[in-house]
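Observations on chain architecture
Take a look at the letters that make up each chain.
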Amino acid sequence: GRISTGELAIQHAALFKQAVSKMPSNRHKRAQYRDLTISEILNIDIPESDQLSRATQQKYVTRFGSFLAWLKGYIHRDLDQPLKRAIKLGGNPRDERLKYSNEDLKRLFNSRDYVQGTHDAPYKYWVPLIALYTGARINEICQLMLTGVYQQSELKIWVFDINETNSEHTQKSLKRPYHSRLVPVHKELIRLGFIEFVCELKKQGEIRLFPELPYNGNKNKFANKAMRWFNNTYTNALNCNIQTPKTSFHSIRHSVLDYLQKIGKINLSEWAELFGQLAAGNEGQRRYAKSHELPEFEQCINKINFNHCLDAQSIRPWTRQEFATEIIVRCS
């Protein structure tokens, strides 16, 4: 209820912790929860798959705990005690989002859209594919500039240049300085016509790789539209129907890293900078591949191969996708 801060007591903090641990995600959008009060929700069993993620629970508890700790100086009571260590993720942060199963990946990349060529926008086709063959994060992909895809002059290796250069004008951003990196373009993306796609956009005078994705400063930045589309499409029973708990777009990245480690026999700690992870002893350092490292990075990236669970050959090249007609006509 609505009570003054002077009336707050330990039991209120304990009740908040209990409510957060049971609260369903998107409860106002789900028919079975939208009309229930919080008290009613606390009295029913909520499946774990419907609950807020552990990361979201931790965020709410941490913020409320910070408020109560600040309030202590005014009401002289230690109200945040029940919240201390209330939600502790523990273990590897990667466990918070699960990888996609082999069946999930097959449903996604051998879906009707990919096999029959019904993608109606470039980002719907390319963003998941780039994630699958680089392990990059969704906003890193969605904010790419065309100048960020180029052929390294000496070695003739095509790369993605993931950076936040000139961010005051481009609005590009990275969560950590060490996320800056060069990632070779996978041979499968080249086979599907990615380089030709980039060249066509450059001919049209475009600046960004996906100009159809607007910037949303309040939520997910350049990735917002792509994330909403992905979540609505690939978890939809009429489409891919991927209902695996704790999976999201970011699960593609986990699938890539897991594959390289288990099947590709790659020691990920030795390739941390290639995947935007923190290399030992380099915290806060801006990392780029040296020229002599690029061939090794290219070999590592080209080890990504999911042919054991999906048919990459059945994916139609971009020129045979629905969205290609408009681009090709504009360029002719």
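Refer to the preceding data block for the structure.
The residue count restarts for each chain, going from 1 along the sequence in the order it is written. Only residues with pLDDT of at least 70 are given local features in this predicted model, and only at 80 or more are side-chain atom pairs given and counted; all residues enter the totals for whole chains, interfaces and linings. To obtain the side-chain values, all non-hydrogen atoms of the structure were included, while hydrogens and water were left out.

Quick notes on the overall build of the chain
How we decide: A helix here means a DSSP run of H or I that spans at least four residues, while a strand means a run of E at least two residues long, and both kinds are numbered starting from the N terminus. Relative accessibility thresholds used throughout: buried, under 20% of the residue-type maximum; exposed, over 50%; partly exposed, between the two (1.4 Å probe, protein chains only). Any two residues having at least one pair of non-hydrogen atoms within 4.5 Å are treated as being in contact. Computed with a 1.4 Å probe, the accessible areas rest on the Shrake-Rupley method; for each residue, only the protein chains presented here act as cover.
Each helix and strand counted, the chain has 14 helices and three strands in total. Going through the 332 residues of the chain one by one, you find that 46% of them count as buried. A separation of at least 24 residues holds for 71% of the contacts in the chain among residues at least 6 apart in sequence. When the accessible surface of the chain is totalled, it reaches about 17,700 Å², and 48% of it is carbon and sulfur.

Looking at the sheet that holds strand 1 (residues 149-151)
Selection criterion: Strands are labelled as partners when DSSP assigns at least two bridges between them. Convention adopted: a line fitted to C-alpha atoms gives each axis, helices being fitted over their contacting stretch, and angles between N-to-C directions are expressed from 0 to 180 degrees.
Within the open sheet, the three strands sit side by side as 1-2-3. Their pairing is antiparallel. Of all the strands in the sheet, just strand 1 and strand 3 (181-184) have a single pairing partner and so form its edges. This sheet shows a mean twist of 35° between the axes of neighbouring strands, independent of strand direction. In this structure, strand 2 (residues 158-162) lies alongside strand 3, joined through four bridges in antiparallel fashion.

Here's the deal with the pattern of salt bridges
Filter applied, for reference: The working definition used for a salt bridge is a side-chain nitrogen of Lys or Arg within 4 Å of a carboxyl oxygen of Asp or Glu.
In this structure the tally under the stated criterion is nine salt bridges. Close ionic contact of E103 with R107 constitutes a salt bridge, the shortest N to O distance being 3.7 Å. Here E103 pairs with R107, and both are found in helix 4 (residues 102-109), just four residues apart, close to one helical turn. R107 gets classed as partly exposed once you look at its relative accessible area, which sits at 34%.

Some thoughts on the packing of aromatic side chains
Keep this limit in mind: Two aromatic rings, drawn from Phe, Tyr or Trp (for Trp, its six-membered ring), form a pair once their centres lie within 6.5 Å of each other, and the interplanar angle then sorts them: stacked below 30 degrees, edge-to-face above 60, tilted otherwise.
One pass over the structure, following the stated rule, counts 22 aromatic pairs. Ring geometry for F64 versus F67: centroids 6.4 Å apart, planes at 25°, classification stacked. Of this pair, F64 and F67 are both found in helix 3 (residues 54-75), three residues apart, which corresponds to roughly one turn of the helix. Ring geometry for W229 and F230: centres 6.2 Å apart, planes at 70°, overall edge-to-face. Counting every residue linked through ring pairs, the aromatic cluster contains F109, Y114, Y125, W126, F160, F194, F197, W318 and F323.

As for a nonpolar patch on the surface
Let me state the cut-off plainly: Patch membership requires more than 30% relative accessible area and the absence of a salt bridge. Residues of like charge join within 9 Å; the nonpolar side chains Val, Leu, Ile, Met, Phe, Trp and Tyr join within 5 Å.
On the surface, a nonpolar cluster with roughly 370 Å² of combined accessible area is contributed by F67, W70 and Y74. Tracing the sequence through the fold places W70 in helix 3.

As for helix 12 (residues 251-262)
Here is the rule we go by: Here the expected span of a helix is defined as 1.5 Å times the quantity of residues minus one.
Along its 12 residues, helix 12 runs 16 Å from first to last C-alpha, staying within 8% of the 16 Å computed at 1.5 Å per residue. Counting buried residues in helix 12 gives 10 out of 12 residues, a clear majority hidden from the surface. Buried within helix 12 are the following residues: S251, I252, R253, H254, S255, V256, L257, D258, Y259 and L260.

So, a positive patch on the surface
Definition in use: Under the convention used here, Asp and Glu are negative, Lys and Arg are positive, and both His and the chain ends fall outside the count. For charged residues, the charge sits on one atom: NZ in Lys, CZ in Arg, CG in Asp, CD in Glu.
A surface patch of positive charge is lined by K29, K59, R63, K219, K225 and R228. Relative to the assigned elements, K59 resides in helix 3. Using a relative accessible area of 35% as the deciding quantity, one classes K59 as partly exposed.

Looking at the packing of helix 6 (residues 122-134) against helix 11 (residues 224-234)
Short version of the rule: Angle categories are assigned with fixed cut-offs, so that under 35 degrees is roughly parallel, over 145 is roughly antiparallel, 65 to 115 is roughly perpendicular, and the rest are oblique. Three classes are used: nonpolar for Ala, Val, Leu, Ile, Met, Phe, Trp, Tyr, Cys and Pro, charged for Asp, Glu, Lys and Arg, and polar for all others, with Gly counted as polar.
One way to put it is that helix 6 packs onto helix 11 with a least axis distance of 11 Å and a crossing angle of 85°. Looking at the two axes, helix 6 sits roughly perpendicular to helix 11. Counting all contacts with helix 6, which are made through Y123, K124 and P128, the residues of helix 11 involved are K225, A226 and W229. A class-by-class count of the residues in the contact of helix 6 with helix 11 yields four nonpolar, no polar and two charged.

Remember that the coordinates give geometry; whether it matters functionally is a separate question.
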